[in-house]
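# Remarks on the overall topology
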Amino acid sequence: MDKQKQQDLAAYMNGSIRNIMAKAYKNVLSNPREAKFAYRMQRLFEKTEKRRLKVLEEEGLEVPPFLISSISTICNLHCKGCYARSNGIAEDAEADRKQTLTPQQWRDIFSEAASLGINFSLLAGGEPMMRKDILEAVSEVDDMIFPIFTNGTLIGPTYVEFLRKRLNLVPIISIEGTAIGTDERRGQGVFHRAMQSIELLKQEKLFFGTSITVTTENLTLVTSRDFIDQLRSYGCKIVFFIEYVPTEPGTEHLAFTDEHVVQMETILEERRTNYADIIFLSFPGDEKALGGCLASGRGFFHIGPDGSAEPCPFSPFSDSNVAELGLRKALQSPLFRQIRAARALGWEHTGGCTLFEHRDEIERMIINKQTTQ
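Rules behind the numbers
- Residues numbered from 1 in each chain as written.
- Predicted model: local features only at pLDDT ≥ 70, side-chain atom pairs only at ≥ 80, totals over all residues.
- Heavy atoms only, no water.
- Helix = DSSP H or I, 4+ residues; strand = E, 2+ residues; numbered from the N terminus.
- Buried < 20%, exposed > 50% of the residue type's maximum accessible area, 1.4 Å probe, protein only.
- Contact = heavy atoms within 4.5 Å.
- Areas by Shrake-Rupley, 256 points an atom, 1.4 Å probe, with all protein chains shown as cover.
- Salt bridge = Lys/Arg side-chain N within 4 Å of Asp/Glu carboxyl O.
- Core = buried A, V, L, I, M, F, W, Y, C linked by side-chain atoms within 4.5 Å.
- pLDDT = per-residue confidence, 0-100.
- Polar contact = N/O pair within 3.5 Å; in protein donor to acceptor, adjacent residues only side chain to side chain.

Within the chain, the regular secondary structure consists of 16 helices and nine strands. Each principal axis of the C-alpha distribution contributes one length, and for the chain these read about 55 × 45 × 45 Å. Put simply, the chain has 373 residues, and 58% of those count as buried. Considering only contacts in the chain between residues 6 or more positions apart, those separated by 24 or more positions represent 72%. Only carbon and sulfur atoms are counted for the fraction: they give 51% of the accessible area of the chain, which is about 16,200 Å².

Structure, rendered in structure tokens:
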């Protein structure tokens, strides 16, 4: 990507973060504790924006504003279509699990991330709430915000007190819309347990949100005004819509087409206008509006449980390790550069995740690199 396009993308991403933080601050003004924290982060992110731009201008290095990090290889549920289990991240048998970085290693990674100007790391797993030791360590990096993507079944009064003292840890509870839809995918009674957690977070007036896997079947339901009104009544301040990626054979019909992507973005623009008290985000969203996929360090990348630097959670290929090389070198990963040089970011696809659809090409890149070494 030429320098002007890099600068244009950086300006777009930075503007989006400013809007998110401004809205978050406005939404918590009635809670002095949360408002003080949001104001500090808002001012901090203005400085880190300049830090990323300086690195881009002086070194030509694109520092993404956020990361996705899988910190846990264990989970208490077996959700249908789980990418973490299909990719081998989450395993029941200890012998089958990937090596996991220590809490200190994760804290060191995020300390470097903060120094480079990275604002967020989305924490995933497995179930990240099962690694409270890691959450405690990374929360000490108080210049970053860590949305925790959780099934919500482990949040009780003790965990709420833990979160109350660590406002940079933001629980994002996964549901599938209705109780029927959630329990059908995640297990009987999971929706009820998630709602109990949401009620506890609401009572404590903590900033939290929900994550919804969107398919061709539930798109209309989970973006409807009635459903958004329900989320508002729960106290949700941020909603992530995650487009379904067909990791299980026979579920390809659930993945978005280009037409669904356009429909989703149109609806979300309307919801953003009508619901000023909720932040709506979609992933991967309309890649075409951003010049292609944001993975491979262009807007973010994925860190596996063992520290492997991967293009994204749905493209679990790596040629470098963040714990060994550091973030700066990982961002210059030969694989990341090759994906961008091969114009993988502009590959044609039918909707949803570009790199997942082109995983065979990426795997060949890894194989070719190994055979030439």
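All right, on to the pattern of salt bridges then. Where charged atoms from two side chains of opposite charge come close, those side chains can pair. The full count for this structure, using the stated rule, is 18 salt bridges. Here K80 makes a salt bridge to E184, at a shortest N to O gap of 2.5 Å. Taken as a pair, K80 in the loop between β1 (66–70) and α3 (83–86) and E184 in helix α7 (residues 179–186) lie far apart in primary sequence, 104 residues in all. Residue classification places E184 among the partly exposed residues on the basis of a relative accessible area of 48%. Residues E270 and R271 are paired through a salt bridge, measuring 3.2 Å at the closest nitrogen-oxygen approach. A relative accessible area of 41% means that E270 is categorised as partly exposed.

In terms of nonpolar packing, the biggest core is built from 108 residues, with F110, F241 and F301 touching the most fellow members. Setting aside chain neighbours within four positions, we find F241 in contact with I212, V214, V222, T223, I228, M264, L268, F280, L281, S282 and F283.

What follows is about the confidence of the model for the chain. Should pLDDT be low for a region, the predicted coordinates there are not to be read in detail. The predicted model of the chain averages 88 in pLDDT, with 91% of residues at 70 or higher. For the chain, per-element mean pLDDT is lowest for helix α16 (residues 359–372), which scores 67, and highest for helix α5 (residues 132–138), which scores 98.

This part covers the side chain of R131. Residue position: R131 is located in the loop between β2 (120–124) and α5. There is a polar contact of 2.8 Å between the side chain of R131 and the side chain of D133. Apart from residues lying up to four places away in sequence, R131 is in contact with I71, S72, I74, T100 and P103.

Mapped onto the elements, M21 comes out in helix α1 (residues 3–27). Counting along the chain gives 22 residues from M21 to R43, while the straight-line C-alpha distance between them is 9.4 Å.

Buried residues of α7: T182, D183, R185 and R186, and no others. The elements touched by buried residues of α7 are β4 (169–175), α8 (190–203) and β5 (209–214). The first or second residue beyond α7 is G187, which carries a positive phi of 125°.

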